[in-house]
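Summary of the model geometry
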Amino acid sequence: MVSRAERGPVADWFWTIDRFFLAAFILLMGIGFMLSFAASPAVAERLGLDSFHFVKRHAMFLIPAIAVMIGISFLSPRQVRRTAMILLIVSLAMMVLALFFGVEVKGSRRWITIAGLSIQPSEFMKPAFVVICAWLFSEHARQPEIPGNLFAIILFGIVAALLVAQPDLGQTILTTAVWGGMFFMAGMPWIWIVLLGGLAVGGFVSAYFLFPHVAGRIDRFLTGEGDTFQVDTAREAIIRGDWFGQGPGEGIVKRIIPDSHTDFIFSVAAEEFGIVFCMVLVAIFAFVVLRGLNHAFRERNDFTRFAVAGLVLQIGIQSMINVGVNLELLPAKGMTLPLISYGGSSMTAICVTAGFILALTRHRPEKRASERSLFRGGIIAPAE
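This text gives an overview of the structure that appears in the document. (Residues numbered from 1 in each chain as written. Predicted model: local features only at pLDDT ≥ 70, side-chain atom pairs only at ≥ 80, totals over all residues. Heavy atoms only, no water.)

1. Section: the environment of methionine 34
- Within the secondary structure, methionine 34 is located in helix 2 (residues 19-46).
- Once residues within four sequence positions are removed from consideration, methionine 34 is found in contact with Phe273 and Phe277. (Helix = DSSP H or I, 4+ residues; strand = E, 2+ residues; numbered from the N terminus. Contact = heavy atoms within 4.5 Å.)

Right under this line is the structure:
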C-alpha cells in the first residue's frame, strides 16, 4: 500500500488516479482472460492448433496492454495530446499502407504485418482521433477565430474515407457516432445537425447499394434468410445458458460458433455463466460510460470534457454493437467486445483508450485550485 505521506511519481499517481475506473478496466480484462478458456479451445482445435493456443496468446497480449494503459495514465493532458497526435499520424499512414500492402482477410484490407506481427491500424486510430478532435473542438470554443470545427470535419472526412476504402463499415459507423456526439457537445449548430444527419443517411443507403456484403448482412437480418448460421448459433447458446448458465466448461453450442473467441464471446459467456452474469458484464460497461460522462459534466476544461466523453462513448457504443449483434438486435458485424474478446490490436488499442481516460480524469489539486481562483476572479483558464 502506498502511503499518502510519500512523494514521488508512483505515489502521486496512486493517490490521484480514478481507482474505480482502474478497477473496472482490470476487472474487464480479467473476465476476458477467464472467458478465453471457455471460448478459444474449440476454435484452436478446428484450426489444428494446441487447445490453449489462443489462451496463451491472450495472456501474452494482456501483459504489454496493461503496461501501455498504466504508462499512458501517468501523462499530463498536454502529453496526452502530443501522444495522440503522433499515434494518429502513424496509424493513418499505416492505414494507407494497408490498402496497398496489407493482408486481405474476408475481402478487406485492414491488417499490415510488421516484424512478424499483424497490426490493425484502425484500432489505434480511434482513441487518437477522439483526443485530437476533442482538442480541435476545444480550441474553437476557446478562440472562435480558430477554425477548429472545420479541421475536425476535414479530419473526420479523411478517417471515414480510409475506413470505407478498407472497407470497414462497422468502424465507420462507430467513429461517426462518437465524432457526432463530441460535435454535439461542442455546440454543433442546427444547420450542421441537419446536414451531417442527411449525409449519414445518404452514406448508409449508398453502402447498402455499393457493398454487396453490407446488403447481404442487412437482408439476412431483416428477412432471416440466407447464411445466418453464426448468429442463429449464438442465439441458441444464449437461450441454452438460461439465467445461471450451464457451468464453466459445460457449454456445447459454443463449440460450433466460428468466431466464439472474438465477435461472439458474449454468447459463450451467456451459455456457460448465464444471463445474470451477462447483465453484470453489461453493467460494468455502463458504469464506465456513466462515470466518464459524470467526469465530463463536472470538468471545466473543454478539451478534457470532450476527450473523456468521446473516449467512454467509443467504449460504450462498441460494446453495444457487439452485444446487439449477439442478441440479433443488429445486423452481423465483426466487432470485438472491448477488453473481453481475443485480439492483440483490439486489446492494446482499448488499453490506450483506457490509459487516456485514466490520465485525463486524474485529480490534480493544484490545477483545480488554480481554476477555482481564476473562475472567481472572472478569468477563464486557458486550455491545458
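2. So, the pattern of salt bridges
- As enumerated under the stated definition, the model contains nine salt bridges in all.
- Residue aspartate 18 is joined to arginine 291 by a salt bridge in which the shortest nitrogen-to-oxygen separation is 3.0 Å. Residue aspartate 18 is located in the loop between helix 1 (9-16) and helix 2, and its partner arginine 291 is located in helix 11 (residues 265-298); the two are separated by 273 residues in the primary sequence.
- One salt bridge in this structure joins lysine 56 and aspartate 50, with 3.5 Å as the shortest N-O distance.
- Overall, aspartate 50 belongs to the partly exposed group, its relative accessible area being 44%. (Salt bridge = Lys/Arg side-chain N within 4 Å of Asp/Glu carboxyl O. Buried < 20%, exposed > 50% of the residue type's maximum accessible area, 1.4 Å probe, protein only.)

3. Let's talk about a nonpolar patch on the surface
- On the surface, a nonpolar cluster with roughly 520 Å² of combined accessible area is contributed by Ile173, Val201, Phe204, Val205 and Phe209.
- For the nonpolar patch, the element with the highest residue contribution is helix 8 (residues 190-210), accounting for four residues.
- Mapped onto the elements, isoleucine 173 comes out in helix 7 (residues 169-185). (Patch = residues over 30% accessible without salt bridge, like charges linked within 9 Å, V, L, I, M, F, W, Y side chains within 5 Å. Areas by Shrake-Rupley, 256 points an atom, 1.4 Å probe, with all protein chains shown as cover.)

4. Examining the sheet that holds strand 2 (residues 108-114)
- The antiparallel open sheet is built from three strands, whose spatial order is 1-2-3. Sheet topology places strand 1 (103-105) and strand 3 (117-119) at the edges, where each strand pairs with a single neighbour. Here the strands of the sheet are splayed against their neighbours by 40 degrees on average, with no regard to which way each runs.
- The pairing of strand 2 with strand 3 spans three bridges and is classified as antiparallel. Within the sheet, the bridge partner assigned to isoleucine 112 lies in strand 3 and is isoleucine 119.
- Here helix 4 (residues 77-101) sits on the sheet and contacts strand 1, strand 2 and strand 3; the angle it forms with strand 2, its principal contact strand, is near 105 degrees. (Pairing = 2+ DSSP bridges. Axes fitted to C-alpha atoms, helices over the stretch in contact; angles between N-to-C directions.)

By themselves, these figures tell us nothing about what the structure is for.
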